[in-house]
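A closer look at the structure
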Amino acid sequence: QVQLVESGGGLVQAGGSLRLSCAASGRTAYAMAWFRQAPGKEREFVSFISWAGRTTYYADSVKGRFAISRDNAENTVYLQMNFLRPEDTAIYYCASSRRPTIRTPSDCTSWGQGAQVTVSS
């Protein structure tokens, strides 16, 4: 089982940047992803990275603004978020999976507790 802890959320003005981190402990040879959930909405996919870091995917809404990366030596996955918009406001969750790819919440087996990101206009 993998334990995941997110950090780095906060309040930022539109156009600003934040970097989220997800520290993993336990068995960590997994594909990783970021999801987000805004109030009253379903949890949605944001980005995925393969275990070796060679493959990444992004939701169309964040493509070109967000970048996912990982440091397996530090057991940490990052989400660099640039040019943030008010519609990016949500709780951001990192998740892991034994599957080679992640696209939906049902693909994931472990979740972090979430990090609040608020973007003011």
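Every value quoted in this text rests on a predicted model; they were computed, and no experiment measured them.

Conventions used here
Residues numbered from 1 in each chain as written. Predicted model: local features only at pLDDT ≥ 70, side-chain atom pairs only at ≥ 80, totals over all residues. Heavy atoms only, no water. Disulfide = S-S within 2.5 Å. Helix = DSSP H or I, 4+ residues; strand = E, 2+ residues; numbered from the N terminus. Buried < 20%, exposed > 50% of the residue type's maximum accessible area, 1.4 Å probe, protein only. Lys, Arg positive; Asp, Glu negative; His and termini not counted. Salt bridge = Lys/Arg side-chain N within 4 Å of Asp/Glu carboxyl O. Polar contact = N/O pair within 3.5 Å; in protein donor to acceptor, adjacent residues only side chain to side chain. Phe/Tyr/Trp six-rings, centres within 6.5 Å; stacked < 30°, edge-to-face > 60°. Pairing = 2+ DSSP bridges. Axes fitted to C-alpha atoms, helices over the stretch in contact; angles between N-to-C directions. Contact = heavy atoms within 4.5 Å.

1. Looking at the state of the cysteines
Going through the model one piece at a time under the given rule, you end up with 1 disulfide. Cys22 shares a disulfide with Cys94; S-S distance 2.0 Å. Residues Cys22 and Cys94 are joined through a disulfide that is right-handed, its torsion about the S-S bond being 50°. With Cys22 in strand E3 (residues 18–26) and Cys94 in strand E9 (residues 90–97), this pair connects stretches of sequence that are 72 residues apart. Residue class for Cys22 comes out buried when judged on its relative accessible area of 0%.

2. Let's talk about the side chain of Arg70
Mapped onto the elements of the fold, Arg70 is located in strand E7 (residues 66–71). Buried and unpaired, Arg70 has no salt bridge, with Asp71 as the nearest side chain of opposite charge at 8.4 Å. At 3.0 Å, the side chain of Arg70 and the backbone oxygen of Tyr30 are in polar contact. A polar atom in the side chain of Arg70 sits 3.4 Å from the backbone oxygen of Trp51.

3. Let's talk about unusual backbone geometry
Even without a glycine there, the phi angle at Asn75 is positive, about 50°. Of note, Asn75 is situated in the loop between E7 and strand E8 (76–81). Positive phi is not limited to glycine here, since Phe83 has a value of about 50°.

4. So, the packing of aromatic side chains
Applying the stated criterion to the full structure yields 4 aromatic pairs. Aromatic side chains Phe35 and Phe45 sit 5.8 Å apart centroid to centroid with 80° between the ring planes, which places their arrangement in the edge-to-face category. Residue Phe35 is found in strand E4 (residues 31–37), and its partner Phe45 is found in strand E5 (residues 44–49); the two are separated by 10 residues along the sequence. Note on Tyr93 and Trp111: the rings are 6.4 Å apart at their centroids and 85° apart in plane angle, and the pair reads as edge-to-face. Of the two residues, Tyr93 is situated in strand E9 and Trp111 in strand E10 (residues 110–111); the sequence distance between them amounts to 18 residues.

5. Let's talk about the sheet that holds E8
The strands that make up a sheet are held in pairs by hydrogen bonds between backbone atoms, and each pair lies either parallel or antiparallel. The 4 strands lie next to each other as E1-E3-E8-E7, forming an open sheet whose pairing is antiparallel. Looking at the sheet topology across the chains shown, the edges are occupied by strand E1 (2–7) and E7. On average, adjacent strands in this sheet sit at an angle of 15° to one another, irrespective of strand direction. Looking at chain direction, E1 and E3 are connected through 6 bridges and run antiparallel. Within E3, the residue paired with Val2 across the bridge is Gly26.

6. A short note on the environment of Cys108
Structurally, Cys108 is set in the loop between E9 and E10. What makes Cys108 buried here is its relative accessible area of 11%. When the C-alpha positions of Cys108 and Arg98 are compared, they lie 7.7 Å apart, and in sequence the two are 10 residues distant. Those residues in contact with Cys108, other than ones at most four positions away along the chain, are Phe35, Ala95, Ser96, Ser97 and Ile102.

So, to be careful, I would describe these as geometric facts and stop short of saying anything about function.
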